[in-house]
Amino acid sequence: MRVSINTITPDTPSAEVIGWAHEIRDLGGLAFLLIRDRTGILQVTIPKKKVAPEIAETIRAISRESVVRVRGIIKPEGKAPGGRELIPDLIEIVSLSASPLPLDVAEKVPAELDTRLDNRFLDARRPRVSAIFKIRNAVQHATRNFFFDNGFIEINTSKIVAAATEGGTELFPIAYFEKEAFLNQSPQLYKQMMMAAGFEKVYEIGPIFRAEEHNTTKHLNEATSIDIEVSFTDHIGVMQILEDLVRDIYQFVDKTCSDAIADMDLDTFAVPEKGFPRLPYAEAIEIAASKCEEDITYGDDIGTAAEKAIGEEMGRMYFIVDWPSSIRPYYAMPYENDPEICKAFDMMHPRMELSSGAQRVHQYDLLVDQIAKKGLNPENFEFYLNPFRFGMPPHAGWGLGAERMVTTMLGLPNVREAVLFPRDRHRVVP
């Protein structure tokens, strides 16, 4: 019976393993095969004079990354991975790999990111790459556990919409019979509608689409967003939920992904400290203006250079709060005593923005007015506005980028590394 490599110890008497031929070394009278499955690597040692002739013949026929089945006895061997080796009484080629390989799975020869993404199925066999997605799996598992434990209801909203969530032109149009339709930028409007439905606390983990012509290491045109909306709270309440979630995710990964973290060869893996600082937008602009070479003034959005300057100053995860209403979406609640400022926030890693949120406008007349002030036609948002006429509770929420979360957690140089099959302005295959 086949077993996973990570279950085999030096004391295991015998084992049968199926996996990929990671490396093959033939030293004449002695050959070594490293076989890899998703749990680890096992050394197969073939003393040619002590094994059946057909085993020696099979070893010569195996190409790297072929799928092989190996059976034999286990012996302690301090120099082998995991301190054990397998002496085979059977080696079978299950599926022969073509040669040469498009990239080196053993990582002795580096490959450019485009080459890796073009051959993602092969790239993902590399232990360091598969570790990224094991950790991403843990991130999403921890996220769902957190929300379930805290009384949230998971929802799934449509990704085909008739109007922009936030206005603007950053939409992908699609052919939808005789109607005009687009891929959704965000589940924002639907989350708010579920507050009118009385669900009180909802979350969604799903794709969002932005037709932005970026070509950077932190932007994607299709991303995974972790979104929440909560009734009877404000921006401060959902900021605390966000901080608690982020710390819970890090703790879960630290507890459950030690092997994957080791495969990543990270210098450190630290859970963020409690109490993310809250930096007013005005102060953030002052920091950026004093440290950036490019001009930045109050009322400007915070771009990459400013993010970096502020992140270096803060040195940890933090919030930027109290944004000008003029540069935030129409649904952000303005302060009653100063409508020029709104109850919006971004959660930042020193490298980049991870999340954006706000307390929402829940009053129908104010919402219609703010939509119009943004140059949008309220009639185009009738389906969204209608619930606000029939008892909409106060509510707040945010969206958190899953890829950016993983990228910053693992110190990846490019957000595309945190996506199996990334979509950017140049890439639509595989």
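All values derive from a computational prediction rather than experimental measurement.

**With respect to the overall build of the chain**
Across its full length, the chain holds twelve helices and 17 strands. Projected onto its principal axes, the C-alpha positions of the chain cover 85 × 55 × 40 Å. Across the 430 residues in the chain, those meeting the buried criterion constitute 50%. Restricting the contact set of the chain to residue pairs at least 6 apart, pairs at least 24 apart contribute 65%. For the chain, the accessible surface area stands at approximately 20700 Å², while carbon and sulfur atoms represent 51% of it. If the 48 positive side-chain charges of the chain are averaged to one point and the 64 negative ones to another, these points end up 8 Å apart.

**Remarks on the domain arrangement of the chain**
Here the chain is described as being made up of domain 1 (5-95) and domain 2 (121-277 + 316-417). Here domain 1 and domain 2 have C-alpha centroids that lie 47 Å from each other. With four residues of domain 1 at the contact, the number on the domain 2 side is four residues. For the pair domain 1 and domain 2, the summed buried area comes to about 360 Å², and 47% of that belongs to carbon and sulfur atoms. Broken down residue by residue, the surface that domain 1 buries against domain 2 is led by Arg36, Arg38 and Glu65, which jointly contribute 67%. One can count one salt bridge joining domain 1 with domain 2. Linking Arg125 and Glu65 is a salt bridge whose minimum nitrogen-to-oxygen distance equals 3.0 Å. Put simply, domain 1 and domain 2 have three residue pairs in polar contact (both at pLDDT 80 or more) between them.

**Remarks on the environment of Ile155**
Mapped onto the elements, Ile155 comes out in the loop between β6 (153-154) and β7 (160-161). Excluding residues that lie within four positions of it along the chain, Ile155 makes contacts with Lys191, Met194, Phe199, Val202, Tyr203 and Glu204.

**Brief notes about the packing of aromatic side chains**
We describe a pair of aromatic rings using the distance from one ring centre to the other and the angle between the two ring planes. Considering all chains together, one arrives at 15 aromatic pairs under this definition. Where Phe146 meets Phe147, the ring centres are 5.7 Å apart and the plane angle is 75°; that geometry is what we call edge-to-face. Looking at Phe146, the relative accessible area reads 10%, which means it is buried. Aromatic side chains Tyr176 and Phe177 sit 5.3 Å apart centroid to centroid with 70° between the ring planes, which places their arrangement in the edge-to-face category. Among the residues examined, Phe177 registers a relative accessible area of 76% and is labelled exposed. Through successive ring pairs, a cluster of aromatic residues spans Phe146, Phe147, Phe152, Tyr203 and Trp398.

**Some thoughts on a nonpolar patch on the surface**
A grouping of Ile160, Tyr176 and Phe177 is seen on the molecular surface, where their side chains present a nonpolar patch of about 350 Å² in accessible area. By secondary structure assignment, the location of Ile160 is in strand β7.

**Comments concerning the layout of surface pockets**
Reported here for the second largest pocket is a volume of approximately 760 Å³. Taken together, 23 residues make up the lining of the second largest pocket; nearest its centre are Asp37, Arg38, Thr39, Ser130 and Lys134. Among the elements of the structure, β2 (30-37), β3 (40-47), α4 (127-149) and α7 (258-264) are those that each provide at least two residues to the lining of the second largest pocket. The class makeup of the residues in the lining of the second largest pocket is nine nonpolar, seven polar and seven charged. No fewer than three residues from each of domain 1 (5-95) and domain 2 (121-277 + 316-417) sit in the lining of the second largest pocket.

**Structural notes on the sheet that holds strand β5 (residues 84-95)**
Ordered in space as β1-β2-β3-β5-β4, the five strands form a closed barrel in which the pairing is mixed. Within this sheet the neighbouring strands show an average axis-to-axis angle of 50°, counted without direction. Strands in contact with helix α1 (residues 53-61) are β1 (14-26), β2, β3 and β5; relative to β5, the strand with the most contacts, it is inclined by about 65°.

**Let's talk about the packing of helix α8 (residues 281-291) against helix α9 (residues 304-314)**
In a packed pair of helices, the relevant descriptors are the angle between the two axes and the axis-to-axis distance. At a closest axis distance of 9 Å, the pairing of α8 and α9 adopts a crossing angle of 105°. Between α8 and α9, the interaxial angle falls into the category roughly perpendicular. Across from Ala284, Ile287, Ala288 and Lys291 in α8, the residues of α9 making contact are Ala306, Ala309, Ile310 and Glu313. When grouped by side-chain class, the residues that make up the contact of α8 with α9 number six nonpolar, no polar and two charged.

**As for the UniProt feature "site: Important for tRNA non-discrimination" (unreviewed entry) in the chain**
In the numbering used here, UniProt assigns the feature "site: Important for tRNA non-discrimination" (unreviewed entry) to Pro81. Counting through the fold element by element, Pro81 comes out in the loop between β4 (67-76) and β5. The class of Pro81 is partly exposed, set by a relative accessible area of 32%. When neighbours within four sequence positions are excluded, Pro81 is seen to be in contact with Ile41 and Gln43.

Conventions adopted
- Residues numbered from 1 in each chain as written.
- Predicted model: local features only at pLDDT ≥ 70, side-chain atom pairs only at ≥ 80, totals over all residues.
- Heavy atoms only, no water.
- Helix = DSSP H or I, 4+ residues; strand = E, 2+ residues; numbered from the N terminus.
- Buried < 20%, exposed > 50% of the residue type's maximum accessible area, 1.4 Å probe, protein only.
- Contact = heavy atoms within 4.5 Å.
- Areas by Shrake-Rupley, 256 points an atom, 1.4 Å probe, with all protein chains shown as cover.
- Lys, Arg positive; Asp, Glu negative; His and termini not counted.
- Charge placed at Lys NZ, Arg CZ, Asp CG, Glu CD.
- Domains from an automatic or database assignment.
- Buried area = accessible area lost by both parts, 1.4 Å probe.
- Salt bridge = Lys/Arg side-chain N within 4 Å of Asp/Glu carboxyl O.
- Polar contact = N/O pair within 3.5 Å; in protein donor to acceptor, adjacent residues only side chain to side chain.
- Phe/Tyr/Trp six-rings, centres within 6.5 Å; stacked < 30°, edge-to-face > 60°.
- Patch = residues over 30% accessible without salt bridge, like charges linked within 9 Å, V, L, I, M, F, W, Y side chains within 5 Å.
- 1 Å grid on protein atoms, 1.4 Å probe; cavity = no way out; pocket = protein on both sides within 12 Å on 5 of 7 lines; lining within 4 Å.
- Points joined across faces, edges and corners; volume = space filled by probe spheres on them.
- Nonpolar A, V, L, I, M, F, W, Y, C, P; charged D, E, K, R; others polar.
- Pairing = 2+ DSSP bridges.
- Axes fitted to C-alpha atoms, helices over the stretch in contact; angles between N-to-C directions.
- Parallel < 35°, antiparallel > 145°, perpendicular 65-115°, else oblique.
- UniProt positions renumbered as here; feature names shortened; annotations may be inferred.

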